Amino acid sequence: MKATVQAFALHSLRYGDSSLIVSCFTKQFGLQSYILKGILSAKRKKKLSKSLFEPLNLLEFEASRATENKLGYLNEAQILEPYRSIPFDLKKKAVLFFLAEVIYQIVQEEQEANPDLFYFIKQRMLWLDQEKKIGVFHLKFLLDLTQFMGFYPNLSQKEAPYFDLQEGCMSLHKPKNYFIEGPTKELWIQLLGIEFDDIHRIDLMHQRKMKVLESLLNYFKLHLQQFKIPKSSAILNEVFKTS
């Protein structure tokens, strides 16, 4: 039985000469994959366009829940809440491509509907679309994302000199392998303690942003078995060099 589905586009893969398989994180069903037959054909009268499925576009369409390892089919879709600034801002688009890669890996691991996570992503994407500056948005997003994945950092001993990435908590003793300390640890504490609406108060140079991002991606790798460093992180690095 078909339902009205809200979904974030995450990933697309060419199928044959003229079709695409798109993966979407849906509010109703979790991660779902759909085949878009003939969407790349110049001859087809299109009710669907490839541009609809740009990373983290918020879509609405009619669909049934696809069973495990099965593809659904889409004939029509529409953008539920069009972005006003993101399509015209290279840096914001780079952030969305990066975050779509991260979210795609995360939702592959749980495969179930997660309305709270869906709402979190929706609120943050609309927030970014309205803001003029990106700042540390992606860093705060990643840290807050861990709330939904079960490894939110434990900062009960903020005065401790180390944060143990493996254990996810502060440490009075230097861990053997994976840890952060000094300015990077302090920035984690600052980011975790600030409200999203106030992140403009944290102003970081490019190199410091990349240092924090590297530590965050290592944290995800340690706590998610299949997690890989997103390919788009290199692009993110390049576009932020001028900020």
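Residues numbered from 1 in each chain as written. Predicted model: local features only at pLDDT ≥ 70, side-chain atom pairs only at ≥ 80, totals over all residues. Heavy atoms only, no water.

A.B. asks: Would you mind showing me how to read the sheet that holds strand β8 (residues 169-171) here?
C.D. replies: Pairing between sheet strands relies on hydrogen bonds along the backbone, with the strands arranged either parallel or antiparallel. The 3 strands lie next to each other as β8-β7-β9, forming an open sheet whose pairing is antiparallel. Edge positions in the sheet fall to β8 and β9 (179-181), since each of these pairs with one other strand and no more. For this sheet, the mean inter-axis angle between neighbouring strands, taken without regard to orientation, is 30 degrees. Inspection of the sheet shows strand β7 (residues 162-164) paired to β9 by 3 bridges, in the antiparallel sense. Bridged to Y162 within β9 is E181. Across the sheet, helix α4 (residues 182-193) is in contact with β7, β8 and β9; its angle to β9 comes to roughly 95 degrees. (Pairing = 2+ DSSP bridges. Helix = DSSP H or I, 4+ residues; strand = E, 2+ residues; numbered from the N terminus. Axes fitted to C-alpha atoms, helices over the stretch in contact; angles between N-to-C directions. Contact = heavy atoms within 4.5 Å.)

A.B. asks: What is the right way to look at unusual backbone geometry in this model?
C.D. replies: The bulk of non-glycine residues show a negative phi, and the bulk of peptide bonds are trans. In the Ramachandran plot, L56 falls in the positive-phi region, its phi being about 65 degrees despite a non-glycine side chain. With respect to the helices and strands, the residue L56 is situated in the loop between β3 (30-36) and β4 (58-63). Of the residues examined, L56 reaches a relative accessible area of 0% and is grouped as buried. (Buried < 20%, exposed > 50% of the residue type's maximum accessible area, 1.4 Å probe, protein only.)

A.B. asks: What should I look at first to understand the environment of K132 in this one?
C.D. replies: Mapped onto the fold, K132 is located in the loop between α2 (115-130) and α3 (137-145). For the pair K132 and K37, spaced 95 residues apart in sequence, the C-alpha separation works out to 38 Å.

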